[in-house]
2 protein chains.
Amino acid sequence: MISIDFTHDPSRESWVDSANDPGSDFPIQNLPYAVFHTGDGDQRIGIGIGNQIIDLRYLAEQGLLLDEFVSPCRSDVLNELMALSGPQRIQLRQLLSKLLVRSTDADQVLMKAGLRSQDSVEFCVPCRIQDYTDFYASIFHATNVGSMFRPNNPLLPNYKHIPIGYHGRASSVVISGTEVIRPIGQKAPAEEGGLPTRSPAVLLDYELEVGFFVAQGNELGSTIPIDKAEEHLFGMCLVNDWSARDLQKWEYQPLGPFLAKSFATTVSPWVVTMEALAPFRAAEYHRPEGDPKPLDYLTSDENSSKGGVDIQLKVSLSSQQMREKGLPAEHLSQTRFTNMYWTIAQILTHHASNGCNLQPGDLMASGTVSGPSRDQRGSMLELTWNGDANNPTPGTDRTPLRLPTGEERKFLADGDELILSGFCENSEYRRIGFGQCRGTVQPARR
Amino acid sequence: MISIDFTHDPSRESWVDSANDPGSDFPIQNLPYAVFHTGDGDQRIGIGIGNQIIDLRYLAEQGLLLDEFVSPCRSDVLNELMALSGPQRIQLRQLLSKLLVRSTDADQVLMKAGLRSQDSVEFCVPCRIQDYTDFYASIFHATNVGSMFRPNNPLLPNYKHIPIGYHGRASSVVISGTEVIRPIGQKAPAEEGGLPTRSPAVLLDYELEVGFFVAQGNELGSTIPIDKAEEHLFGMCLVNDWSARDLQKWEYQPLGPFLAKSFATTVSPWVVTMEALAPFRAAEYHRPEGDPKPLDYLTSDENSSKGGVDIQLKVSLSSQQMREKGLPAEHLSQTRFTNMYWTIAQILTHHASNGCNLQPGDLMASGTVSGPSRDQRGSMLELTWNGDANNPTPGTDRTPLRLPTGEERKFLADGDELILSGFCENSEYRRIGFGQCRGTVQPARR
């Protein structure tokens, strides 16, 4: 596990003034990576600092970085940087922290030419994602969904032993802000033996998830022991795993979700590194006493004592009517990443446990992060308890959401913007944030 | 659909003599693409002709190709070439056919310097596969497998309406000849409520599949109408979708196969183009009268009349003992690709029907190609009817295979080599082949 060092010192301030605002997601203690361009498509890697982003290619070309970092920092995606060793990643973080700290040493005039306002740039998917895998690691989410679709058998017998996951579609992973077009697809016949229909998804949903990117990978045929898993984690982001529930219900057996998910998966631009998250590692993750212990290959003392990451997560929604009336986005739910049943180390180790090769830049997502109470649910499906009036599930608290405009929502309407955000906070260290992961639903294209 | 032209003329012969052998998979009527290197890792694109491969980078550099083909033919993977338009692909095929035909015009001395014996090169995965999707398009396979695991409900209600598929793992797609290491994984508890175990897969299996590569793709949010699907198909190959049935059974619910498949998927080196396959298009694919018609978006006259591809497929197995005794590989089964319930055009159109973006080089596999009779089954699971003595299914024809050495097989043993092959043959045109897709099972690495 990564040690706390001077870069985490909460008294540290930056010469970029906005980074010192107490509410900033991006103080000098964070230093998340992103990939951006300034309208010309010339993608560059940057570091978030306050409301600015500093261009790493520029810093490399000015000779401000060590030789070994020049090539990865001049790249147009993060993959080469993600493939650095753990000690190298720490060294680069320390170097960047020293360049950005408020002191008389740093050549601010030189560096200021590499600063761009975050408002002025366009963000890109931060790396070439060769493979994207989505998990199902919140037992609250799995139990909620299972209760709706398999009321007699909500949690399958493998759940407490296997971090359940499935391969996702990498090509349709899009950056925050990309419009999400309502998919068209097949839906179950109205009556048994009838013909299915095909029309725009009505039960369109979001899923609040946390993603993590692989650092150094493993060769095909080798595995990643749980004790080494943390070395293979580069950093984390927010993920909205958009889901068309009506398509999913009809297509998902026996081989799992497919077109119900592959129309879009939105990631936030900022990759918050495992180094930045070091002060927020947590013992707590949700495996109650009495539950079976994971098998040995998923067990280590370090994982048990601080395998969790204490990220607070929020979802809000803004309808087109709300925006037209100047109303702020409506808060839907808030949950914590410590509610997960499986840690990110367990997920990564399990993924490679059959010899499957992971590669720098591979994206894994947690699955919907739901907590035990209603206001901690990470999807509309759970918040409205499958709010489909034609398909009630007896004995549940199905309740449409009411927006400040009086509009009701069972699922997402065209024009709805979903905004995910996340941050880490405790009494000892400086709060750091993930920024936002946004997407607006567009009408289906017939 | 692609027209028959002079490149298909069965009387056409090449100045590469081995291409004129009646048994050759690679006559001048075929001209499949592959990517190879000669031991130095310097990957090049080549065309198979007889027992030779001709180096397209060399031809491009000698000025023998048109300007527009120089860049794609100098690449180290096929993606740029796959992204050419349909008319460009035909033009390049015609040009290569003219260069390789037996005539006094072709500058054989110049071209011969670009020939390599196929035995002397190492083949590579032919393109950068951004996404790999595996389907389940043989109703015979789906019914066989369903009968074993869901005897009361073998074929799910969606099967005749949706080309069922799931995202596969792209990183572990390997080229023919790559060793396949037996995976280790979790298996179901011996009794209900017990703990799972973790050990090397015992029920290791192959799946005989046909793959196809996407040519030009589609933008996220757009679709590919069934009438246009053929334009987006580049070519086909053989695929062995190795499967660990004991891992699969325990992990696959509710999100589908994961580690049971992601340890290795083997592809053949040769990509047989849709142009080469034009004489072998077939009306027949297996949708019996009385079955529901596919929904409109999956229906077109052209698809119904010649959406099939008449490929004959064979599987054979060679155990280590057999090789030590100098015995030839044992034939296991033979089937035809016209046994599929869904055509490749329907599969492609369905995949993009929710707006999912496909990209040049994406690989889709058919799912196990099984036919109606026992000797047409494309997996060991089906041939031995889940040959697990501890888990019998009453009323089935479970029979272990007996090899010429007297060895018995219920599933694959360490040292077993699987050899898939395929060819197209009819009375009017020259027979063309796919070469082989081979892989040998190696012991698990503890």
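This one's a predicted model, so the numbers in the text were calculated from it and none came from an experiment.

Caption draft 1: How the structure looks around the interface of chain B and chain A. Taken together, the contact pairs 61 residues of chain B with 61 residues of chain A. Between chain B and chain A, roughly 5500 Å² of surface is buried when both sides are summed, and carbon and sulfur atoms account for 60% of that area. Viewed at the interface, chain A and chain B are joined by four salt bridges. Between B:Asp131 and A:Arg169 there is a salt bridge whose closest N-O contact spans 3.5 Å.

Caption draft 2: Spotlight on the confidence of the model for chain A. With 97% of its residues at a pLDDT of 70 or more, chain A has an overall mean of 94. Reported confidence for the predicted complex is 0.96 by ipTM and 0.97 by pTM.

Caption draft 3: Fine view of the domain arrangement of chain A. All names here are of chain A. According to the domain assignment, chain A contains domain 1 (6-124) and domain 2 (132-442). Inter-centroid distance (C-alpha atoms) of domain 1 to domain 2 is 29 Å. Opposite the 32 residues of domain 1 that make contact, domain 2 presents 27 residues. Each partner contributes to the roughly 2400 Å² buried at the junction of domain 1 and domain 2, and carbon and sulfur atoms together form 61% of this total. It is His8, Met82 and Arg89 in domain 1 that bury the most area against domain 2; as a group they hold 27% of the surface buried on that side. The tally of links between domain 1 and domain 2 comes to two salt bridges. Of the charged contacts in the structure, one is a salt bridge between Glu275 and Arg89, with a shortest N-O distance of 3.7 Å. At the surface where domain 1 touches domain 2, the tally comes to eleven residue pairs in polar contact (both at pLDDT 80 or more). Elements supplying a minimum of two residues to the side of domain 1 that touches domain 2: strand E1 (33-37), strand E2 (44-49), helix H3 (79-82), helix H4 (86-100) and strand E5 (122-124). The residue makeup of the side of domain 1 that touches domain 2, split by class, is 18 nonpolar, ten polar and four charged.

Caption draft 4: Quick look at unusual backbone geometry. Residue and element names in this part refer to chain A. Cis peptide bonds are those with omega within 30 degrees of zero, and the linkage from Gln253 to Pro254 qualifies with 5°. Its place among the elements puts Pro254 in the loop between helix H7 (245-251) and strand E16 (265-267). For Leu31, which is not a glycine, the phi torsion comes out positive at approximately 60°. Among the structural elements, Leu31 can be located in the segment before E1.

Caption draft 5: Representation of the environment of A:Pro254. The class for A:Pro254 is buried, based on a relative accessible area of 12%. The contacts of A:Pro254, once residues within four sequence positions are left out, are B:Tyr136, B:Arg150, B:Leu156, B:Ile164, B:Tyr252 and B:Gly256.

Caption draft 6: Quick look at the sheet that holds strand E3 (residues 52-55) of chain B. Residues and elements named next belong to chain B. Read across the sheet, five strands follow the order E4-E3-E2-E1-E5 without closing on themselves; strand pairing throughout is antiparallel. Both edges of this open sheet fall to strand E4 (115-117) and strand E5 (122-124), since each of them pairs with a single strand only. With direction set aside, neighbouring strand axes in the sheet form an average angle of 45°. With three bridges connecting them, E3 and E4 associate as antiparallel partners. Bridging across to E4, Gln52 finds its partner in Ser117. Seen against the sheet, helix H4 (residues 86-100) touches strand E1 (33-37), strand E2 (44-49) and E3 and runs at an angle of roughly 60° to E2.

Caption draft 7: Local environment of the packing of aromatic side chains. Inspection of every chain in the model, using the stated rule, returns 14 aromatic pairs over all chains. Centre to centre, the rings of A:Tyr33 and A:Phe234 are 5.7 Å apart; their planes meet at 40°, and the pair counts as tilted. Here A:Tyr33, found in strand E1, pairs with A:Phe234, found in strand E14 (residues 233-240); they are 201 residues apart in sequence, far enough to count as distant. Consider the rings of B:Tyr159 and B:Tyr341, whose centres lie 5.8 Å apart with planes at 50°: the pair is tilted. Highlighted residues: B:Tyr159 in the loop between helix H6 (139-149) and strand E7 (165-167) and B:Tyr341 in the loop between strand E21 (330-336) and helix H11 (344-352), separated in sequence by 182 residues. The residues B:Tyr159 and B:Tyr341 share a single accessibility class, namely buried. Each member of the aromatic cluster is reached from another via a ring pair, and the members are A:Tyr136, A:Tyr159, A:Tyr341 and A:Trp342. Over the aromatic face of B:Tyr297 sits the side chain of A:Arg198, whose NZ or CZ is 4.1 Å from the ring centroid.

Caption draft 8: Here's a closer look at the pattern of salt bridges. Residues and elements named next belong to chain A. Overall, the coordinates contain 46 salt bridges over all chains when judged by the stated rule. Taking the shortest distance from any N to any O, the salt bridge between Asp241 and Lys261 comes out at 2.9 Å. With Asp241 in the loop between E14 and strand E15 (243-244) and Lys261 in the loop between H7 and E16, this residue pair connects regions lying 20 residues apart in the sequence. This pair shows no difference in class: Asp241 is buried, exactly as Lys261 is. In this structure, a network of salt bridges that share partners links the residues Asp205, Glu207, Asp241, Arg245 and Lys261.

Caption draft 9: Region of interest: the relation of the copies chain B and chain A. Taken as rigid bodies, chain B and chain A are interconverted by a rotation of 180° and an axial shift of 0.0 Å, the fit giving an RMSD of 0.0 Å. Look at the turn and shift together and you get a two-fold axis relating the two. Proximity to the rotation axis, assessed at the C-alpha, singles out B:Gly256 in chain B; its C-alpha lies 2.2 Å from the axis. In this assembly, 100% of the residues forming the interface of chain B have copies in chain A that are likewise at the interface, indicating an isologous arrangement.

Caption draft 10: Representation of the sheet that holds strand E26 (residues 432-442) of chain B. Residue and element names in this part refer to chain B. Read across the sheet, five strands follow the order E9-E26-E25-E20-E21 without closing on themselves; strand pairing throughout is mixed. Across the chains shown, the open sheet's two edge strands, defined by having one partner strand only, are strand E9 (180-181) and E21. Sheet analysis places E9 next to E26, joined by two bridges and oriented parallel. When the sheet's bridge partners are listed, Val180 is paired in E26 with Val441.

Caption draft 11: Quick look at the pairing of E14(A). Residue and element names in this part refer to chain A. Within E14, eight of the eight residues are buried, which leaves it mostly tucked inside the rest of the structure. Pairing of E14 with strand E17 (residues 272-273) involves two bridges; the strand directions are antiparallel. Across the sheet, the residue bridging to Met236 is Val272, located in E17. Sheet topology note: the E14/E16 ladder contains two bridges and is antiparallel. Bridge pairing in E16 places Val239 opposite Val267.

The rules behind each value
Residues numbered from 1 in each chain as written. Chains lettered and ligands numbered in written order. Predicted model: local features only at pLDDT ≥ 70, side-chain atom pairs only at ≥ 80, totals over all residues. Heavy atoms only, no water. Contact = heavy atoms within 4.5 Å. Buried area = accessible area lost by both parts, 1.4 Å probe. Salt bridge = Lys/Arg side-chain N within 4 Å of Asp/Glu carboxyl O. pLDDT = per-residue confidence, 0-100. Domains from an automatic or database assignment. Polar contact = N/O pair within 3.5 Å; in protein donor to acceptor, adjacent residues only side chain to side chain. Helix = DSSP H or I, 4+ residues; strand = E, 2+ residues; numbered from the N terminus. Nonpolar A, V, L, I, M, F, W, Y, C, P; charged D, E, K, R; others polar. Buried < 20%, exposed > 50% of the residue type's maximum accessible area, 1.4 Å probe, protein only. Pairing = 2+ DSSP bridges. Axes fitted to C-alpha atoms, helices over the stretch in contact; angles between N-to-C directions. Phe/Tyr/Trp six-rings, centres within 6.5 Å; stacked < 30°, edge-to-face > 60°. Lys NZ or Arg CZ within 6 Å of the ring centre and 35° of its normal. Least-squares fit on C-alpha atoms with pLDDT ≥ 70 in both.

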